Amino acid sequence: MTAQLPPMKGVLLDLDGTLYHGNVMIPGADRLMQLLIDNGVPFRYVTNNSSLTPGAFADRLRGMGLPASPEDVCTSASAAAEYVASIHPGARVYIIGETGLREAAKEAGLEPVDNAADIVLQGIDRELTYAKVAGAVDQLLKGAKFVMTNPDLLLPSEHGLIPGAGSIGAMIQAASGQAPTVIGKPSPILMNYALKRLGARADETWVVGDNLATDIGAGKAAGCGTALVLTGLTTAENMETYAEKAGCRADVVCADLDALGSYILERIRQ
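Bear in mind that the values here come from a model prediction, so they are computed numbers and not experimental data. (Residues numbered from 1 in each chain as written. Predicted model: local features only at pLDDT ≥ 70, side-chain atom pairs only at ≥ 80, totals over all residues. Heavy atoms only, no water.)

Asks: What is the right way to read unusual backbone geometry from this model?
Replies: Leaving glycine aside, a negative phi is the common case for residues, and trans is the common case for peptide bonds. Going from Lys185 to Pro186, the amide bond is cis rather than trans, its omega being 15°. A positive phi angle, close to 55°, is found at Ala116, a residue other than glycine. Tracing the backbone shows Ala116 in the loop between β7 (111-112) and β8 (119-122). (Helix = DSSP H or I, 4+ residues; strand = E, 2+ residues; numbered from the N terminus.)

Printed below as a string of structure tokens:
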């Protein structure tokens, strides 16, 4: 089986549930990243989280002792802004989102507006109001296109699970009748964005994550190798249930990050 899997010339790593929980590093994450660096394996961090800028994510990672620069981080916000700029340069965008999405839109040369929008660009917004949703629906009914950063219905928080960007998007879609273009995992759009920044082809890159539906599903959709780590959402006990729901399985399953490191060493030494 191993010989049929793609070579490991690059790695795309999920963050929450894979390398950390909140602000706490998952055991072995530092050893895994050092292994990649020592063996010259390029990597990028890839997250559906649209709330923060790449720089803020890099600061969080470095605060845990993990190597990171803003250039190492690929967010659904950055990918969404680039996508919009590619289909409509300088687009007028009605934004529902937080700092990460607003900064990404600015960097992509998009123009935030309250009316006459070309695109409704929506991510997580923990200060969401009825007025914001009503404004988005109004713009969509007047002809704007709908782009959503990621489809996550729920997000982990210190108080438990809370509604995610996908839940906000579901409300907007129900009211407007317009389905969004989804950028984040499991869509391959975010993965292709990350692959471009990694400088590697999909068929020589591996995606690592803890979520079969998003991380592994996105890797499969993009044509990458996939490694599931049982460090977050997916456990040995629920893996079969999640695999059935996701409709996909990972190429490799590792109990923890040290086991993943051992597998990576095995692959790159072949």
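Asks: Would you mind going over the packing of helix α3 (residues 76-87) against helix α4 (residues 99-107) with me for this structure?
Replies: Each packed pair of helices is defined by two parameters, the angle between the axes and the distance between the axes. Taken N-terminus to C-terminus, the directions of α3 and α4 make an angle of 35°; their axes are 8 Å apart at the nearest point. The chirality of how α3 crosses α4 is right-handed. Contacts from Ala77, Ser78 and Ala81 of α3 reach α4 at Gly100, Leu101, Ala104 and Ala105. A per-class count over the contact of α3 with α4 returns 5 nonpolar, 2 polar and no charged. (Axes fitted to C-alpha atoms, helices over the stretch in contact; angles between N-to-C directions. Left-handed = near helix turned anticlockwise from the far one by under 90°. Contact = heavy atoms within 4.5 Å. Nonpolar A, V, L, I, M, F, W, Y, C, P; charged D, E, K, R; others polar.)

Asks: Explain the pattern of salt bridges here, please?
Replies: Two side chains with opposite charge may pair up if their charged atoms get near one another. Enumeration according to the criterion identifies 16 salt bridges in this entry. In this structure, the salt-bridge partner of Asp258 is Arg31, at a minimum N-O distance of 2.9 Å. Of this pair, Asp258 sits in helix α10 (residues 257-268) while Arg31 sits in helix α1 (residues 29-38), and the two are 227 residues apart along the sequence. Residue classification places Asp258 among the partly exposed positions, given a relative accessible area of 35%. (Salt bridge = Lys/Arg side-chain N within 4 Å of Asp/Glu carboxyl O. Buried < 20%, exposed > 50% of the residue type's maximum accessible area, 1.4 Å probe, protein only.)

Asks: What should I look at first to understand the side chain of Thr205 in this one?
Replies: Within the fold, Thr205 resides in strand β13 (residues 205-209). By relative accessible area, which is 0% here, Thr205 ends up buried.

Asks: For this particular structure, what's the right way to read the sheet that holds strand β4 (residues 43-47)?
Replies: Strands in a sheet are paired, the pairing made by backbone hydrogen bonds, and the direction either parallel or antiparallel. In space, the 6 strands of this open sheet follow the order β5-β4-β1-β13-β14-β15, with parallel pairing throughout. Looking at which strands have only one partner, the edges of the open sheet turn out to be β5 (73-75) and β15 (252-254). Between one strand and the next, the sheet's axes are offset by a mean angle of 25°, whatever the strand orientation. Sitting on the sheet, helix α2 (residues 54-63) touches β4 and β5, and the angle it makes with β5 is about 130°. (Pairing = 2+ DSSP bridges.)

Asks: Even after reading the chapter, I still don't get the packing of aromatic side chains, so can you show me in this structure?
Replies: Here the distance between the centres and the angle between the planes together describe a pair of aromatic rings. Inspection of every chain in the model, using the stated rule, returns 2 aromatic pairs. The positively charged end of Arg197 is found above the aromatic ring belonging to Tyr193, 3.7 Å away from the centroid. (Phe/Tyr/Trp six-rings, centres within 6.5 Å; stacked < 30°, edge-to-face > 60°. Lys NZ or Arg CZ within 6 Å of the ring centre and 35° of its normal.)

Asks: Got a minute to help me understand the environment of Leu15 in this structure?
Replies: Here Leu15 shows up in the loop between β1 (10-13) and β2 (20-21). Contact partners of Leu15, with chain neighbours within four places excluded, come to Tyr20, Tyr45, Val46, Thr47, Phe57 and Leu61.

Asks: Would you take a moment to explain the packing of α3 against helix α7 (residues 188-198) for this structure?
Replies: Following both chains from N to C, one finds α3 and α7 inclined at 95°, their axes separated by 9 Å at the closest point. Comparing their axes, α7 and α3 come out roughly perpendicular. Between α3 and α7, the contacting residues are Ser76, Ser78, Ala79, Glu82 and Tyr83 on the first element and Ile189, Leu190, Tyr193, Lys196 and Arg197 on the second. For the contact of α3 with α7, the residue count by class is 5 nonpolar, 2 polar and 3 charged. (Parallel < 35°, antiparallel > 145°, perpendicular 65-115°, else oblique.)

Asks: How should the pairing of strand β9 (residues 145-148) be read in this particular structure?
Replies: Strand residues, when the strand is regular, have side chains that alternate between the two faces of the sheet. Sheet topology note: the β8/β9 ladder contains 4 bridges and is parallel. Considered in β9, the bridge of Ile119 is made with Lys145. In this fold, β8 hands off to helix α5 (residues 130-141), which returns the chain to β9; that crossover is right-handed. Relative to strand β12 (residues 181-182), β9 is paired through 2 bridges, and the arrangement is parallel. Bridge pairing in β12 places Val147 opposite Thr181. (Right-handed = clockwise from strand over helix to strand, strands pointing away.)

Asks: Would you mind going over the nonpolar core with me for this structure?
Replies: Proteins that are soluble and globular tend to have nonpolar side chains buried together. By size, the foremost hydrophobic cluster in this structure holds 34 residues, and its most contacted members are Leu13, Leu19, Leu36, Tyr45 and Leu260. Those elements that place two or more of their residues in this core are β1, α1, β4, α2, β13, β14 (225-229), β15 and α10. Other than its neighbours up to four places away in sequence, Leu260 contacts Leu32, Val208, Ala227, Val229 and Cys254. In this structure, Cys74, Val93, Leu190 and Ala194 belong to the second largest nonpolar core, which totals 32 residues. (Core = buried A, V, L, I, M, F, W, Y, C linked by side-chain atoms within 4.5 Å.)

Asks: How should α2 be read in this particular structure?
Replies: Residues that lie three or four places apart on an α-helix share one face, since the helix turns once every 3.6 residues. When we look at burial in α2, the residues that qualify are Pro54, Phe57, Ala58 and Leu61. With its buried residues spanning 100° around the axis, α2 presents them on a single face. As for α2, its buried residues are in contact with β2, β4, β5 and α3. Looking one or two residues beyond α2, the residue adopting positive phi is Gly65, at roughly 90°. (Arc of directions from axis to C-beta.)

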